[in-house]
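Now for the letters of each chain:
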Amino acid sequence: MSRPKNILFIMFDQLRWDYLSCYGHPHLKTPHIDRLAARGVRFTNAYIQSPLCGPSRMSTYTGRYVHSHGASWNGIPLKVGERTIGDHLRDAGMSCHLIGKTHMRADAEGMARLGIEPDSLIGVRVAECGFDVVERDDGMRPEGPDGLYDEGGAARYNDWLREKGYESDNPWHDFANSGRDEDGNVLSGWFLKNSVHPANIAEDDSETPYLTRRAIEWMEGARDTGPWCCHLSYIKPHWPYVVPAPYHDMFGPDDVLQPIRSDAERQTDHPVLSAFMDAPMSRAFSRAEVRDPVVRAYMGLIKQCDDQMGVLFDYLERSGRMEDTLIVVTSDHGDFLGDHWMGEKMFFHDASVKVPMIVYDPSAEADATRGTVCEDLVECIDLAPTFVEAAGGDVPDHILEGRSLLPILHGKDDPARDFVVCEYDYSASPIAERLGVSVRDGVMFMVGTTRWKLIHFEGGFRPILFDLTEDPDELVDLGADPAHEEVRAEMYGHLFTWARRLSQRTTRSAEQLRSMRRASSRKGVMIGIYDENDVPLELTTKYRDRKVPDRR
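Values in this document were obtained by computation on a predicted structure and should not be read as measured data.

A short note on the overall build of the chain
Per the secondary structure count, the chain includes 19 helices and 17 strands. For the chain, whose C-alpha radius of gyration is 26 Å, the value lies close to the compact-globule estimate of 24 Å for 552 residues. Its C-alpha atoms give the chain principal-axis dimensions of about 105 × 65 × 55 Å. Taking all 552 residues of the chain together, the buried fraction comes to 58%. The contacts in the chain between residues at least 6 apart in sequence include a share of 70% that link residues at least 24 apart. Total accessible area on the chain is roughly 24,100 Å²; 50% of this is exposed by carbon and sulfur atoms. For the chain, the distance from the average position of its 63 positive side-chain charges to the average position of its 90 negative side-chain charges is 7 Å.

See the structure below:
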């Protein structure tokens, strides 16, 4: 084969890079994901573009930085006109389908302004990140006094659960993401104390196996269709941290790694970092009696995910799809899990912004790199151009800001990226209110090399700097150290280089612009010409030998 026929793009939600055995976790064994790594390339320095579900995914789907596509927070729509993986792959003759989560909101105002009907083919694709939806499930159906968080969240899965006999107005919560006591009371998964209980659901009916089956069913039906990309987007191991038996007690206290943090780090003088450490989830994860059971449940969720990868890969082997399908396994971000005195993911330590990335290419060109590890800096926006090139298309690099990974997969010389960039817009969060920053200033940027990581804050706050070689755990902030002034200047130089890129010139390719340079004006514009004989005769025929009456 010169290239794979199909693409299976697997994304987990909130999966830390270092919670897989192929990335070095000492207690959590993930043999099925490891098995894919043994047949592909495992990237050890893969970075997301924002530490939050929505903007991270929008960057991966568009192949563009958050600063370029503008969907900088959960619920901020991806504006009409932003092309995505689906759009680019269809141009290359490959269909593109979704099974699972995107966390995307449609730009309803933009669609209405342009007269795009939401129920038209184009309207549906615009509203769904360019995917043809098999089943969308963002895996979130919480409900409070103001109603549901997401009206469409887990809706089809909920209907399926009710058909299976899980009687409830919200079986996603009452069964799949909660426990049950001996009196039949629901032990809600929203309360971290309940993470020790098994979810009140048969394991095979829980969310991860459900999505695996949906993917296999769809691939079976797509056997005789043309080339396809399937985005299988799992909901777990994202919270609620509740997992069905037998995974709920598969790991004991001795399997829980100690948090990466220090007392000196907690006493930071940086107001923004301190505010994130004081957030409710961070305070909860700073307590061992809270953190340890949650981490055990989180590990159980990952173990279940890996077992489902075994089911999926076995199917691909039996069906022959392993021989013609490029497979990617990655995540949209990590999870602090108490590291650096934080919970959730909204900051720039590696626990959050570095993700697993494993790419398997079945083509013969990739044989030389099977089972290898790549330490080059890569970004999740690199997947979009990788998919376009794998599909046989021309990569529109005036739109896609990432770089195809195929040269690395095929063992070709490819200049390594000098730095990676990640952005976070916290302007709509309570932390911005606590700090008293404006909407304009509630943003921060990370620029990282293999040695250094600098975090820049708008609003007049000083930077944070980590030396990743001497301090791989990112515990010592050198952002105010006079001895590292030159390093900070160098890192700001990288950030300035990135900020100067032409990211919005998306309607003309580089080749089109080069051809415009070479093209002479043959439409009558004569700038700076003194005499008609100073240019070729053919350019001025419309201006010669013309007579008109005197109208002065």
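Alright, that's what it looks like, and here's the rest.
Comments concerning the packing of helix 7 (residues 155-163) against helix 9 (residues 207-221)
Look at helix 7 against helix 9: their axes get within 12 Å of each other, and the N-to-C directions meet at 100°. Looking at the two axes, helix 7 sits roughly perpendicular to helix 9. The residues of helix 9 that touch helix 7, namely those facing Arg156, Tyr157 and Trp160, are Glu207, Tyr210, Arg213 and Arg214. Here the residues of the contact of helix 7 with helix 9 are counted per class, giving three nonpolar, no polar and four charged.

Considerations on unusual backbone geometry
Geometrically, the link from Trp239 to Pro240 is a cis peptide bond, its omega value of 0° lying close to zero. Mapping Pro240 onto the fold places it in the loop between strand 9 (228-233) and helix 10 (263-266). Located in the positive-phi region is Gln14, a residue other than glycine, with phi close to 70°. The residue Gln14 is located in the loop between strand 1 (6-12) and helix 1 (31-37) in this model. Positive phi, close to 55°, is recorded for Asp545, a residue that is not glycine. Along the chain, Asp545 turns up in the segment after helix 19 (510-518). Overall, the relative accessible area of 83% leaves Asp545 in the exposed class.

Structural notes on the pairing of strand 11 (residues 354-360)
With seven of seven residues buried, strand 11 is to be regarded as a mostly interior element. Side chains of strand 11 alternate between two faces, with Lys354, Pro356, Ile358 and Tyr360 and Val355, Met357 and Val359 buried alike. Pairing of strand 2 (residues 41-47) with strand 11 involves five bridges; the strand directions are antiparallel. Pairing of Arg42 across the sheet is with Ile358, part of strand 11. Taken together, the four bridges between strand 10 (residues 325-331) and strand 11 define a ladder with antiparallel strand orientation. Residue pairing for strand 11: Val329 is matched across the bridge by Ile358.

Observations regarding empty space enclosed by the protein
In the structure shown here, the tally under the stated rule is three cavities of 30 Å³ or more. If you add up the space inside the largest cavity, you get close to 70 Å³. Looking at the largest cavity, the residues that line it are Asp376, Leu377, Val378, Asp382, Arg403, Ser404, Leu405, Ile408, Asp414, Pro415, Ala416 and Arg417. Its residues assigned to classes, the lining of the largest cavity comprises six nonpolar, one polar and five charged.

Definitions and limits used
- Residues numbered from 1 in each chain as written.
- Predicted model: local features only at pLDDT ≥ 70, side-chain atom pairs only at ≥ 80, totals over all residues.
- Heavy atoms only, no water.
- Helix = DSSP H or I, 4+ residues; strand = E, 2+ residues; numbered from the N terminus.
- Rg over C-alpha atoms; globule rule 2.2 N^0.38 Å.
- Buried < 20%, exposed > 50% of the residue type's maximum accessible area, 1.4 Å probe, protein only.
- Contact = heavy atoms within 4.5 Å.
- Areas by Shrake-Rupley, 256 points an atom, 1.4 Å probe, with all protein chains shown as cover.
- Lys, Arg positive; Asp, Glu negative; His and termini not counted.
- Charge placed at Lys NZ, Arg CZ, Asp CG, Glu CD.
- Axes fitted to C-alpha atoms, helices over the stretch in contact; angles between N-to-C directions.
- Parallel < 35°, antiparallel > 145°, perpendicular 65-115°, else oblique.
- Nonpolar A, V, L, I, M, F, W, Y, C, P; charged D, E, K, R; others polar.
- Pairing = 2+ DSSP bridges.
- 1 Å grid on protein atoms, 1.4 Å probe; cavity = no way out; pocket = protein on both sides within 12 Å on 5 of 7 lines; lining within 4 Å.
- Points joined across faces, edges and corners; volume = space filled by probe spheres on them.

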